[in-house]
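Fold and geometry: a report
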Amino acid sequence: MAQNKDQVEYLTPTEIAYILRQRTGKKWTPVSINQKLAEMGYQIKPFYEWQPTAKGIQFANFSSRMLKWNREIIDLIEKL
């Protein structure tokens, strides 16, 4: 069953980096997470803030000033 977007936990790049460091032992940082998401086509930075692309919008939450990501994005990053 699909979860309502309000019920899904969204994570900052800092939180995603922490989880990936724990899982992989690699040195993930918020900057490297943002770069990886951009390389994957999930976000762009046309000016000063990251914005989700059409591909990334299904995983993103921009209701606060910071772009946050659904936990599913962690598995997508790990597959690379």
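Residues numbered from 1 in each chain as written. Predicted model: local features only at pLDDT ≥ 70, side-chain atom pairs only at ≥ 80, totals over all residues. Heavy atoms only, no water.

This part covers the overall build of the chain. For the chain, the count of helices and strands is three helices and five strands. Secondary structure elements of the chain, listed N to C terminal, follow the sequence β-α-α-β-β-β-β-α. In terms of C-alpha radius of gyration, the chain reaches 12 Å, essentially the compact-globule figure of 12 Å for 80 residues. Considered along the principal axes of its C-alpha atoms, the chain spans approximately 35 × 30 × 20 Å. Burial statistics for the chain: of 80 residues in total, 35% are counted as buried. The long-range fraction of contacts in the chain, counting pairs at least 24 apart against all pairs at least 6 apart in sequence, stands at 46%. Each charge sign in the chain was given a centre, from 12 positive and 8 negative side chains, and these centres are 6 Å apart. (Helix = DSSP H or I, 4+ residues; strand = E, 2+ residues; numbered from the N terminus. Rg over C-alpha atoms; globule rule 2.2 N^0.38 Å. Buried < 20%, exposed > 50% of the residue type's maximum accessible area, 1.4 Å probe, protein only. Contact = heavy atoms within 4.5 Å. Lys, Arg positive; Asp, Glu negative; His and termini not counted. Charge placed at Lys NZ, Arg CZ, Asp CG, Glu CD.)

Just geometry here; none of it tells us what the structure is for.
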